Amino acid sequence: MLDGCVPWPEATAAAYREAGFWRGETLGKLLRDWARAYGSRTALVGGDRRFTYAELDAWADRLAAGFASRGIRRGERVVVQLPNIPEFVAVCFGLFRLGALPVFALTAHRRHEIGHLCGYSDAVAYVVPDIHQGFDHRELAQAVRTSVPSLREVFVAGDPGPHSSLDELSSTPAPTPVQDAPLGADPGDAAFFLLSGGTTALPKLIPRTHDDYAYQIRAASEICELDGDTVYLAVLPIEFNFTWGCPGVLGTLSAGGTVVLAKTPNPDECFALIERERVTITSCVPTVAHMWLDAARWSERDLSSLSVLQIGSAKLHPEVAERITPALGCRLQQVFGMAEGLLTFTRYDDPLDRVLTTQGRPISPADEIRVVDTEDRPVRPGETGELLTRGPYTLRGYYRAEEHNARAFTEDGFYRTGDLVRFTDDGDMVVQGRIKDVIIRGGDKVSATEVEGHLTAAHDGIQQAAVVPMPDAVMGERVCAFVVLDGEPPAVPEVRRLLRARGLAEFKLPDRIEVIDVFPLTGLGKVDKRALAAELAQRLGTSD
Ligand code: OOB
């Protein structure tokens, strides 16, 4: 495996291959197979543009040749920050075919996060849109380029400004045929990097291998019964594991279906796409589901093609879950997942109460689960504890993070998820809470530690900061910062402006600031965040 990645133990890897989970295929080769099987069918729809499987395959080849002609080599990293546009898919497959590794940045990321991702991965190139949601990514690229020495190239989808045009790169005919197998990469090696949902100040990189991801999309597609008639609407950002491969974009392509890209989760846009493209399945976070439930009351769009709505990434409350089928006329599937690997799904034939109240079961018979107490001892059946897991598509270590890995994994390779769960007698998992210091704001993960660091650095008067989740009916949680001050209390817009100026993504900025004289401490002398959450509830008048 690429230097800095942690492989599965050889015996475990052999067992996964023996069991047929890992089939020794690369993602770049899989697209070739899909193009052979489904050539003239529509693979991808983005805005007014439609691509057949054959066209997507040829586009990926041209991009692979183009990237190679610009000196990008096997094993090198390329930060990809693109919205839901067809280029995202073509660029990734172009890179897979070279054996170069996309690093999936969020479009919301700004100078601070992108600088970190490029530096941490020693990226040689960075792929951006020109302007997205009013923000000029070419300027961001210019700034990052001066601070990251490894960065040689910036490619732009759209008007390139001072950088290189992605269109031009893919207009050079590929030296056909690009050899079939192994298409530049080793199936056991990392194919791309997902980002961790941030328990650490900045995201860690999660290497996903060709073998492990090909297995994930196969297992997820089977459970979701995808086939050639599947039309998947990508509502959430495409770089999110949920959208990309649970079964999502890749699962749909593997089945010969059609992927439709939505620019935003806005119900006006998405309902129109569902009607126009006869969408059959989509996935979203509870906050988006809320929006859709409200919009469905007045919308006159025909949503009758929609048969499954997957919801995950944050806790879905049973009262909201109950409204899905009556309002949208489709089946609900709860999904619990993480970029690190493990996925649990409710199944289509589960009794309704299990679908409404649980997050289902792991998707692979080889997923291993432990639920443990604070001493790593298994809790009694049915009791709540921390979820630990390992399996054929769950990482064994973050990239270049030896010290962190020692804490994030047990000695025998189980990943410590930081989630508190219990299992019902039927074997379904129910998420009860979490012990990691993360706020889940409408499905986006915000590291408390990261925001705290920026608060004290950004504002002279803020002596100490502690960030906690603030319950919110629509977003699930919002970001509340408790601050110990020296001077006048700062206004929220002012603090947000200061953090934005530090290059922080918008979704991390505090929604509320609460002043406190001293922080409550735990017995170990750490800031007691439970006590702060209780204090917040009292101040908001929401404590029971
Ligand atoms: C998904 O992935 P990440 O990496 O952004 O976040 C993972 C974390 C989990 O550890 C858990 O804390 C939370 O998000 N989470 C849920 C949940 N699904 C994820 N918490 C409560 N209920 C759920 N259903 O969020 C993700 C990746 C793939 C598929 C779906 C979600």
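Looking at an unreviewed UniProt entry, one finds the protein named AMP-binding protein and attributed to Dactylosporangium fulvum.

Engineer: I tried to follow the overall build of the protein on my own but got confused; where do I start?
Structural biologist: The helix and strand tally for the protein stands at 18 helices and 27 strands. Relative to a compact globule of 544 residues, whose C-alpha radius of gyration would be 24 Å, the protein shows 23 Å and is just as compact. With the principal axes as the frame, the protein shows a C-alpha extent of 70 × 55 × 55 Å. Of all 544 residues assigned to the protein, the portion counted as buried reaches 52%. In the protein, the proportion of contacts linking residues at least 24 apart, taken out of those at least 6 apart, comes to 68%.

Engineer: Would you take a moment to explain the nonpolar core for this structure?
Structural biologist: If you look at soluble globular proteins, the nonpolar side chains tend to sit buried side by side. Within the largest apolar cluster, 167 residues are counted, with the highest numbers of intra-cluster contacts made by Val78, Val80, Val103, Tyr126 and Val260. Counting residues per element, this core draws most heavily on helix α4 (residues 86–98), which supplies nine residues. Looking at this core, you find at least three residues from each of domain 1 (26–37 + 51–186) and domain 2 (438–540). Not counting chain neighbours up to four residues away, the residues in contact with valine 80 comprise Phe88, Val91, Cys92, Pro102, Val103, Phe104, Ala105 and Val127.

Engineer: Sorry if this is basic, but what is going on with the environment of arginine 441 here?
Structural biologist: With respect to the element layout, arginine 441 can be found in strand β23 (residues 438–441). On the basis of neighbour counts, which here come to 22 C-beta atoms within 10 Å, the residue arginine 441 falls in the buried class. Distance from arginine 441 to alanine 191, taken between C-alpha atoms, is 29 Å for residues 250 residues apart in sequence. Ignoring sequence-local partners within four residues, the contact set of arginine 441 consists of Val446, Met475, Glu477, Arg478, Val479 and Phe507.

Engineer: Help me understand the UniProt feature "domain: AMP-binding enzyme C-terminal" (unreviewed entry) in the protein in this model?
Structural biologist: Under the UniProt annotation, "domain: AMP-binding enzyme C-terminal" (unreviewed entry) lies at residues 457–526. The distance separating the terminal C-alpha atoms of residues 457–526 is 20 Å; by composition the span is 17% helix and 36% strand.

Engineer: Would you explain the site of the ligand in this entry?
Structural biologist: Taken together, 21 residues sit near the ligand, with Phe242, Ser313, Gly337, Met338 and Ala339 positioned nearest. Elements supplying a minimum of two residues to the shell around the ligand: α9 (241–245), β16 (331–338), β21 (415–423) and β22 (429–434). Sort the elements by how many residues they give to the shell around the ligand and β16 lands first, with five residues. Within the shell around the ligand, the residues separate by chemical class into nine nonpolar, eight polar and four charged.

Engineer: For this particular structure, what's the right way to read the sheet that holds strand β17 (residues 341–345)?
Structural biologist: Strand pairs in the sheet, formed through backbone hydrogen bonds, run parallel or antiparallel to each other. Strand order in the open sheet made by the nine strands is β2-β1-β13-β12-β14-β15-β16-β17-β18, with mixed pairing throughout. Bordering the open sheet on either side are β2 (49–52) and β18 (361–362), each of which pairs with just one other strand. Two elements, strand β12 (residues 231–234) and strand β14 (residues 281–284), share two bridges in a ladder whose sense is parallel. Each residue of the ladder has a partner; that of leucine 233, found in β14, is threonine 282.

Engineer: For this particular structure, what's the right way to read the confidence of the model for the protein?
Structural biologist: Low pLDDT marks stretches whose predicted atomic positions should not be read closely. Predicted confidence across the protein gives a mean pLDDT of 95, with 98% of residues reaching 70 or more. For the protein, helix α16 (residues 448–458) is the element with the lowest average pLDDT, namely 94, and strand β13 (residues 258–261) is the one with the highest, namely 99. Counting interchain partners and residues more than four positions distant, the pLDDT-below-50 stretch residues 177–182 has eight contacts.

Engineer: What is the right way to look at the domain arrangement of the protein in this model?
Structural biologist: By convention, interface size is frequently given as the accessible area that disappears when the constituent parts associate. Along its sequence, the protein is organised into domain 1 (26–37 + 51–186) and domain 2 (438–540). Computed from C-alpha coordinates alone, the two centres of domain 1 and domain 2 are separated by 36 Å. If you look at the interface, domain 1 gives seven residues, while domain 2 gives six residues. Classifying every residue of the side of domain 1 that touches domain 2 by side-chain character gives two nonpolar, two polar and three charged.

Engineer: Looking at this structure, I do not really get the environment of proline 489. What am I missing?
Structural biologist: Checked against the element boundaries, proline 489 lands in the loop between β26 (476–485) and α17 (492–501). What makes proline 489 partly exposed here is the crowd of 13 C-beta atoms within 10 Å. Separated by 366 residues in sequence, proline 489 and alanine 123 have C-alpha atoms that sit 41 Å apart.

Engineer: Can you walk me through unusual backbone geometry in this structure?
Structural biologist: Among all residues save glycine, negative phi is the norm, and among peptide bonds the norm is trans. Here the bond from cysteine 246 into proline 247 is cis, since omega is -5°, no more than 30 degrees from zero. As for its placement among the helices and strands, proline 247 is situated in the loop between α9 and α10 (248–255). Positive phi, close to 50°, is recorded for aspartate 122, a residue that is not glycine. With respect to the secondary-structure elements, aspartate 122 resides in the loop between α5 (111–121) and β5 (125–129). With phi around 45°, glutamine 133 is a residue other than glycine that occupies positive phi space.

Engineer: Hey, could you run me through the pairing of β17 in this one?
Structural biologist: Put simply, side chains in a regular strand alternate between the two faces of the sheet. Across the five residues of β17, five count as buried, placing the element largely inside the fold. Pairing geometry for β16 and β17, over four bridges, is antiparallel. Paired with glycine 337 across the strands is leucine 343, a residue of β17. Counting the residues in the hairpin turn of β16 and β17 gives two residues. Of the strand pairs in this sheet, β17 and β18 are connected by two bridges, and their pairing is antiparallel. Bridging across to β18, phenylalanine 345 finds its partner in arginine 361.

Engineer: Would you explain helix α3 (residues 53–69) in this entry?
Structural biologist: Within an α-helix, residues lying three or four positions from one another point in the same direction, as the helix has 3.6 residues per turn. Between its terminal C-alpha atoms α3 stretches 24 Å, which fits the 24 Å expected from 17 residues at 1.5 Å a residue. Within α3, 12 of the 17 residues are buried, which leaves the element mostly enclosed by the surrounding structure. For α3, the complete set of buried residues consists of Tyr53, Leu56, Asp57, Trp59, Ala60, Asp61, Arg62, Leu63, Ala64, Ala65, Gly66 and Phe67. Tucked into the core, α3 has its buried residues touching α2 (27–38), β1 (42–46), β2, α4 and α7 (166–169). Glycine 71, located one to two residues past α3, shows a positive phi value of around 85°.

Engineer: When you look at the packing of α5 against helix α6 (residues 137–147) in this model, what are you seeing that I'm missing?
Structural biologist: Axes are the key here: two packed helices are described by the angle between their axes and the distance separating the axes. Taken N-terminus to C-terminus, the directions of α5 and α6 make an angle of 45°; their axes are 10 Å apart at the nearest point. Classified by the interaxial angle, the pair formed by α5 and α6 is oblique. The two elements α5 and α6 cross, and the hand of that crossing is right-handed. Residue-level contacts link Arg111, Ile114, Gly115 and Cys118 of α5 to Leu140, Ala143, Val144 and Ser147 of α6. By residue class, the composition of the contact of α5 with α6 is five nonpolar, two polar and one charged.

Here is what the cut-offs are and how they apply
- Residues numbered from 1 in each chain as written.
- Predicted model: local features only at pLDDT ≥ 70, side-chain atom pairs only at ≥ 80, totals over all residues.
- Helix = DSSP H or I, 4+ residues; strand = E, 2+ residues; numbered from the N terminus.
- Rg over C-alpha atoms; globule rule 2.2 N^0.38 Å.
- Buried ≥ 20, exposed ≤ 12 C-beta atoms within 10 Å, placed from the backbone.
- Contact = placed C-beta atoms within 7 Å.
- Core = buried A, V, L, I, M, F, W, Y, C linked by C-beta atoms within 7 Å.
- Domains from an automatic or database assignment.
- UniProt positions renumbered as here; feature names shortened; annotations may be inferred.
- Near = placed C-beta within 6 Å.
- Nonpolar A, V, L, I, M, F, W, Y, C, P; charged D, E, K, R; others polar.
- Pairing = 2+ DSSP bridges.
- pLDDT = per-residue confidence, 0-100.
- Expected span 1.5 Å × (residues − 1).
- Axes fitted to C-alpha atoms, helices over the stretch in contact; angles between N-to-C directions.
- Parallel < 35°, antiparallel > 145°, perpendicular 65-115°, else oblique.
- Left-handed = near helix turned anticlockwise from the far one by under 90°.

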